[in-house]
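Here is how the chains run, residue by residue.
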Amino acid sequence: MLKQIMGSIALCIAIVVVQPLYAQQTENTLGSLWPEVEKNYPGVNARTSAVDAAKLYERAVKSDMLPQVKAQVQNTYGTYEGSAGAFFPQPGFFNVSGTASALGGSSTTANSFGSTTVEWELFSFGRLRKENEAVRTLFDKTVSEKDAYLLNLKKILSERYINLLYNDAKLNWTAKNAERLDSIRNITSGLSAAGLRPAADSLLASSSYIQAMGEHDKWDGLTHAAVVKLSELYGKDNIDYTSSSHRFHTLTQNLVKRPININPAHPILDALDKQSAYYSRRGEAQKRSALPSLRLLGGYAYRGTGIAPNGIVSGAWKDGFNNTTSNFLVGVGIIWNVSGLHTSRLKGEKLFKDAESSKQLHTQYELAMQADLSASQAKIHQQYEQLGKTGLAVKQSQDAYDMYLARYKSGLIALSELLQIRSLLEQAENAHIEASRDYWMLLAYEAELTADFDFLFNNL
């Protein structure tokens, strides 16, 4: 019996301890929405695809350093007249000469031909290396742009969540106002029925209550609209923000040491830095493209014809695969586009100017972000002080309203005086809600500037 009693006591203690822990573990925060947004939002997937595309482009450019192999196979039917003399072949083809002989038979014949050429750029004064460095920088820039997009998406998510909590707070505020006015209306109706108050007081109280209900309907629609806007990011409609609604009004100060300077590795600044480096390396590669390149050349050709060695020409298609010959070619060549010297120099200078423009834009952004960070931190400090004062004002206004309501019930003051006190309480509550929204919005803006949303995600 004693063992059963002790077991029951231990079970009750375990339930009491585990329930608060479980509630704490399942409590939703703003940060609990982000994994779903990052995983499913199409904009994030688009940026990921852009990074993958940049990686594939980098691999494609690197493959230019490998030998370039070209092949062709053809089968033709036509005349075979020829003439003596030399000609300049186009890249990928080479000439094989033959002896002239008297031919007889058909005036047309079939021919078959296949060839493979290999071209390997051995030396290009560092052009290929600079091109590879440029595409690597382009890939890094794409990654930084994705990080910057994710940072901005966090801010958008935070702002929409804060707006939802703000609209929900306004909805509860109008409901509370309507509840107070409904209570005044019922009291006034009773006093009017007893002849202690004029009938005009009952109409005035009823009018104020109807206005409050209309305001409640307005904020009810705005709250539903805010849920829709947030669902566009989150992808689901069942968003539980109950615990966040309480924290929205809680005076929470960010006690984490704030950075006073913008991090040079901020994704926005890093993307501009990578963009400048990309243009600079592209410019170097462009200028070096005006220099000659040393290439290793090789080729193999296979040919069949309907012309027999004895000079008899066959017009049959199958004989076009007879009388075969094969040739090969190996050599070293220098290719220099002399007429492109001026054009390559101008293109290179243009890219260097683009790099300088991106560098100056980087400096501009850094200065602007530094100024915004200093200004936002000053605003956050003052906003925190305002929140403390508006919270105290709400408490004192509520106490005053309760006292004036008791006096109104006793017939010591008129309805107009009570409604004026209620209006002051309403203004104090509204000011506190507005201050709360402004405070959290400032924290979201600061989080974007510092690239750190940990405090906001964990405390709202």
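Just above, that's the structure.
Cut-offs used in this document
Residues numbered from 1 in each chain as written. Predicted model: local features only at pLDDT ≥ 70, side-chain atom pairs only at ≥ 80, totals over all residues. Heavy atoms only, no water. Helix = DSSP H or I, 4+ residues; strand = E, 2+ residues; numbered from the N terminus. Contact = heavy atoms within 4.5 Å. Polar contact = N/O pair within 3.5 Å; in protein donor to acceptor, adjacent residues only side chain to side chain. Buried < 20%, exposed > 50% of the residue type's maximum accessible area, 1.4 Å probe, protein only. Salt bridge = Lys/Arg side-chain N within 4 Å of Asp/Glu carboxyl O. Axes fitted to C-alpha atoms, helices over the stretch in contact; angles between N-to-C directions. Parallel < 35°, antiparallel > 145°, perpendicular 65-115°, else oblique. Nonpolar A, V, L, I, M, F, W, Y, C, P; charged D, E, K, R; others polar.

K.L.:
It is not clear to me how the environment of Asp240 should be interpreted in this structure. Could you clarify?
P.N.:
Residue placement: Asp240 occurs in the loop between helix H5 (199-234) and helix H6 (242-249). Each residue touching Asp240, except ones within four places of it in the same chain, is listed here: Asn28 and Tyr161. A distance of 2.9 Å separates the side chain of Asp240 from the side chain of Thr242, its partner in a polar contact.

K.L.:
Would you mind showing me how to read the environment of Gly320 here?
P.N.:
Take Gly320: it is sitting in the loop between strand S5 (312-313) and strand S6 (325-335). Taking relative accessible area as the criterion, Gly320 reaches 0% and is therefore assigned buried. For the pair Gly320 and Thr109, spaced 211 residues apart in sequence, the C-alpha separation works out to 6.9 Å.

K.L.:
Help me understand the pattern of salt bridges in this model?
P.N.:
If charged atoms from side chains of opposite charge come close, those side chains can pair. All chains considered together, the criterion is met by 25 salt bridges. The salt bridge involving Glu145 is made with Lys141; its shortest N-O contact spans 2.5 Å. Here Glu145 pairs with Lys141, and both are found in helix H4 (residues 127-193), just four residues apart, close to one helical turn. In this structure, Arg437 and Asp438 form a salt bridge, with 3.3 Å as the shortest nitrogen-oxygen distance. Residue Asp438 is classed as partly exposed on the basis of its relative accessible area of 32%. Ionic contacts of the salt-bridge type, sharing partners, join the residues Lys55, Glu58, Lys62, Arg136 and Asp140 into one network.

K.L.:
Would you mind showing me how to read the packing of H6 against helix H9 (residues 415-450) here?
P.N.:
Helices that pack against each other are described as a pair by the angle of their axes relative to one another and the distance between those axes. Packing of H6 against H9 brings their axes to within 9 Å, and their N-to-C directions diverge by 100 degrees. Taken together, H6 and H9 sit at an angle that is classed as roughly perpendicular. Between H6 and H9, the residues in contact are Arg247, Phe248 and His249 and His432, Ile433, Ser436, Arg437 and Trp440, respectively. When the residues that make up the contact of H6 with H9 are grouped by side-chain class, the tally is three nonpolar, three polar and two charged.

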